[in-house]
Amino acid sequence: MRKLIIANWKMHYGPVKAGAWIRAFRRERLPKEIDIGVAVPHTSLAAARSSLGRAGVPLLGAQNSFWEKEGPYTGETSPTMLAEFGVEFCLVGHSERRTHLGETDEMVAKKAVALQKAGIQPVICVGESEEAHKNGEAEKVIKAQMKAALAQGVKATGSAPLVVAYEPIWAIGTRKPCSPQNAREMHEVIREVIAKKFSKKVAQDVRILYGGSIDERTVAEYLSTTGIDGVLIGGASLDPRVFGLLCRSAAPA
Ligand code: 13P
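The numbering scheme is per chain: residues are counted from 1 as the chain's sequence reads. Two thresholds apply to this predicted model, a pLDDT of at least 70 for residue-level local features and 80 or more for giving and counting side-chain atom pairs, whereas whole-chain, interface and lining totals are computed over all residues. Side-chain figures throughout are based on the complete set of non-hydrogen atoms in the structure, without hydrogens or water.

Colleague: Got a minute to help me understand the UniProt feature "binding site: substrate" (unreviewed entry) in the chain in this structure?
Modeller: In the numbering used here, UniProt assigns the "binding site: substrate" (unreviewed entry) feature to N8, W9, K10, G173, S213, G234 and G235. Annotated residues spanning 228 residues; largest pairwise C-alpha distance 14.0 Å, indicating a single compact cluster. Secondary structure counts use DSSP, requiring at least four H or I residues in a row for a helix and at least two E residues in a row for a strand, with both numbered from the N terminus. With respect to the helices, strands and loops of the structure, N8 is situated in strand β1 (residues 3-8). Classification of N8 by relative accessible area gives buried; the value is 5%. Contact partners of N8, with chain neighbours within four places excluded, come to A39, Q63, L91, H94, L232, I233, G234 and S237. Reaching out from N8, the side chain makes a polar contact with the backbone nitrogen of K10 at a distance of 2.9 Å. Within the secondary structure, K10 sits in the loop between β1 and α1 (15-25). Each residue is placed in one exposure class: buried if its accessible area under a 1.4 Å probe, protein chains only, is under 20% of its type's maximum, exposed if it is over 50%, and partly exposed if it falls in between. Taking the relative accessible area as the measure of exposure, K10 reaches 21% and is therefore partly exposed. Note on contacts: a residue pair is in contact if any heavy atoms of the two residues lie within 4.5 Å. If we skip the residues at most four places from it in the chain, K10 touches P41, Q63, H94, E96, I172 and G234. UniProt positions are given in the numbering used here, feature names are shortened, and annotations may be inferred rather than shown by experiment. In the analysis that follows, any N or O atom pair within 3.5 Å is treated as a polar contact, provided that within protein one partner can donate a hydrogen and the other can accept it, and provided that, for residues neighboring in sequence, both atoms belong to side chains.

As structure tokens, then:
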């Protein structure tokens with residue numbers, strides 16, 4: 001399975017800076033054996049696409065989508081609109097959206113299905129709070145989030161296959177990453193839920209990423225851990241040279 005590294009800029013970079021980032025990043029020497037994507041704010045999709053041209057690297061992603069195609073949903077953006085920019089993947093249910101925008105498991109599941117219908121790969125984000133982590137409830141929380149995320153008909157495979165990102169909230173932006181061993185255990189929990197819903201074989205083919213305080217120094221250790229099929233990068237993706245270095249550090253020597 002090819003590893004996948006995704007940059008999540010979060011709410012950074014309007015069109016001008018986004019274009020500059022893409023152009024700078026494309027000057028980086030990048031490993032061919034790894035898939036690389038960048039999730040940009042909606043307002044920067046056009047600029048990112050135009051700086052990218054039709055080039056396949058990095059893959060262009062969005063950070064959120066609505067589930068309906070069109071209609072009276074002020075302020076929302078549909079998967080078909082995202083597809084017009086050539087968006088190839090879209091984050092769904094990032095913990096920051098769950099926390100600040102009240103996104104629920106049900107919304108996450110609906111968004112993932114709608115994205116696939118538009119040919120866009122959903123990257124469903126799950127992760128437990130610090131409190132749940134401390135109380136030993138991480139597994140329970142993740143199982144529940146995963147079951148709910150798969151409950152509305154999302155497909156595991158196909159032309160826009162499902163990706164899952166495990167991002168424990170306590171590890172995001174804290175410089176305190178979840179250990180590779182701990183992440184591996186949680187990825188096994190996620191894979192079990194996928195296996196129960198689909199099959200063991202299918203579960204082996206779904207890429208599960210880890211996200212939370214990963215940088216260019218730590219990425220290789222995570223990617224060489226069994227069951228970690230990629231990483232989702234916040235802070236360390238904001239500088240295109242640092243992110244380029246991170247991508248190179250990820251590739252096996
Ligand atoms: P950091 O890499 O800044 O911890 O953010 C992780 C994240 O939330 C990516 O989606």
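Following the structure, the description resumes.
Colleague: What exactly am I supposed to notice about the packing of aromatic side chains here?
Modeller: Each pair of aromatic rings is reported with the distance of its centres and the angle of its planes. Here a Phe, Tyr or Trp ring, Trp counted by its six-membered ring, pairs with any other such ring whose centre lies within 6.5 Å, and the pair is stacked when the planes are under 30 degrees apart, edge-to-face when over 60, and tilted otherwise. A complete count under the given rule lists nine aromatic pairs for this structure. Ring plane angle 65° and centroid distance 5.0 Å describe the contact between W9 and W21, whose orientation is recorded as edge-to-face. Taken together, the residues W9 in the loop between β1 and α1 and W21 in helix α1 connect sequence positions twelve residues apart. With respect to burial, W9 and W21 carry one shared label: buried.

Colleague: Hey, could you run me through the nonpolar core in this one?
Modeller: By nonpolar core we mean a set of buried residues, namely Ala, Val, Leu, Ile, Met, Phe, Trp, Tyr and Cys, connected to one another through side-chain atoms within 4.5 Å. Grouped together as the largest cluster of nonpolar side chains are 64 residues, with contacts concentrated most on I5, M146, V164, I190, I194, Y210 and F243. Among the elements that line this core, the one with the most residues is helix α8 (residues 180-197), at six residues. Ignoring anything within four residues of it in the chain, the contact list for Y210 reads Y166, P168, A171, P177, C178, A183, H187, Y222, I228, G230, V231 and L232.

Colleague: Looking at this structure, I do not really get the pattern of salt bridges. What am I missing?
Modeller: Salt bridges, as used here, are contacts in which a Lys or Arg side-chain nitrogen is within 4 Å of a carboxyl oxygen on Asp or Glu. Enumeration over the complete set of coordinates arrives at 16 salt bridges. The closest approach of N and O atoms between D105 and R98, which form a salt bridge, is 2.6 Å. For D105, a relative accessible area of 27% corresponds to the partly exposed category. The exposure class assigned to R98 is buried, which follows from its relative accessible area of 17%. Because the salt bridges share partners, they merge into one network encompassing R2, D35 and R207.

Colleague: Can you walk me through the site of the ligand in this structure?
Modeller: The environment of the ligand is formed by 13 residues, the closest being E167, G173, S213, G234 and G235. N8 places a side-chain nitrogen or oxygen 2.9 Å from an oxygen atom of the ligand. Where accessible areas are quoted, they stem from the Shrake-Rupley method and a 1.4 Å probe; at the residue level, only the protein chains shown are allowed to cover. For the ligand, whose accessible area on its own is 310 Å², the fraction buried by protein is 95%. Class assignment for the residues of the shell around the ligand results in four nonpolar, seven polar and two charged. Consider each residue's heavy atoms; a residue with any of them within 4 Å of a molecule or strand counts as near. As a working rule, the residues Ala, Val, Leu, Ile, Met, Phe, Trp, Tyr, Cys and Pro are called nonpolar, Asp, Glu, Lys and Arg charged, and the rest polar, with Gly in that last group.

Colleague: Honestly, the packing of helix α5 (residues 105-117) against helix α7 (residues 138-149) in this entry has me stumped. Any pointers?
Modeller: Two quantities define a packed helix pair, namely the angle between the helix axes and the distance between the axes. Simply put, an axis is a line fit to the C-alpha atoms, just over the touching stretch for a helix, and the angle between two N-to-C directions goes from 0 to 180 degrees. Close contact between α5 and α7 brings their axes to 8 Å; oriented N to C, the two are set at 45°. If you check the angle between α5 and α7, you find them oblique. For the crossing formed where α5 meets α7, the hand is right-handed. In this structure, α5 contributes D105, V108 and A109 to the contact, and α7 contributes A144, Q145, A148 and A149. Any angle between 65 and 115 degrees counts as roughly perpendicular, while under 35 counts as roughly parallel, over 145 as roughly antiparallel, and the rest as oblique. Helix crossings get a hand from a simple test, with the near helix turned counterclockwise from the far one by less than a right angle marking a left-handed crossing and a clockwise turn marking a right-handed one.

Colleague: Is there a simple way to think about the UniProt feature "active site" (unreviewed entry) in the chain in this case?
Modeller: Per the UniProt entry, the sites bearing "active site" (unreviewed entry) are H94 and E167 in this numbering. A maximum C-alpha distance of 8.3 Å among these annotated residues, which run over 74 residues, shows that they cluster at one spot. Those residues in contact with H94, other than ones at most four positions away along the chain, are N8, K10, C125, E167 and I172. Tracing the backbone shows E167 in the loop between β6 (163-166) and α8. Ignoring any residue separated from it by four or fewer positions in sequence, one finds E167 in contact with H94, V126, G127, I172, G211, G212 and L232. One polar contact links E167 to H94, side chain to side chain, over a distance of 3.0 Å.

Colleague: What is the right way to look at the sheet that holds strand β2 (residues 34-40) in this model?
Modeller: Sheet strands pair by backbone hydrogen bonding; their relative direction is either parallel or antiparallel. The strand order β1-β2-β3-β4-β5-β6-β7-β8 describes a closed barrel built from eight strands, whose pairing is parallel. Each adjacent strand pair in this sheet contributes to an overall mean axis angle of 25°, direction not counted. Direction of pairing for strand β4 (residues 89-92) relative to strand β5 (residues 121-126): parallel, over a ladder of four bridges. Bridging across to β5, C90 finds its partner in P122. The strands touched by α7 within the sheet are β5 and β6, with β5 carrying the most contacts at an inclination of about 155°. Pairing between two strands requires that DSSP report at least two bridges joining them.

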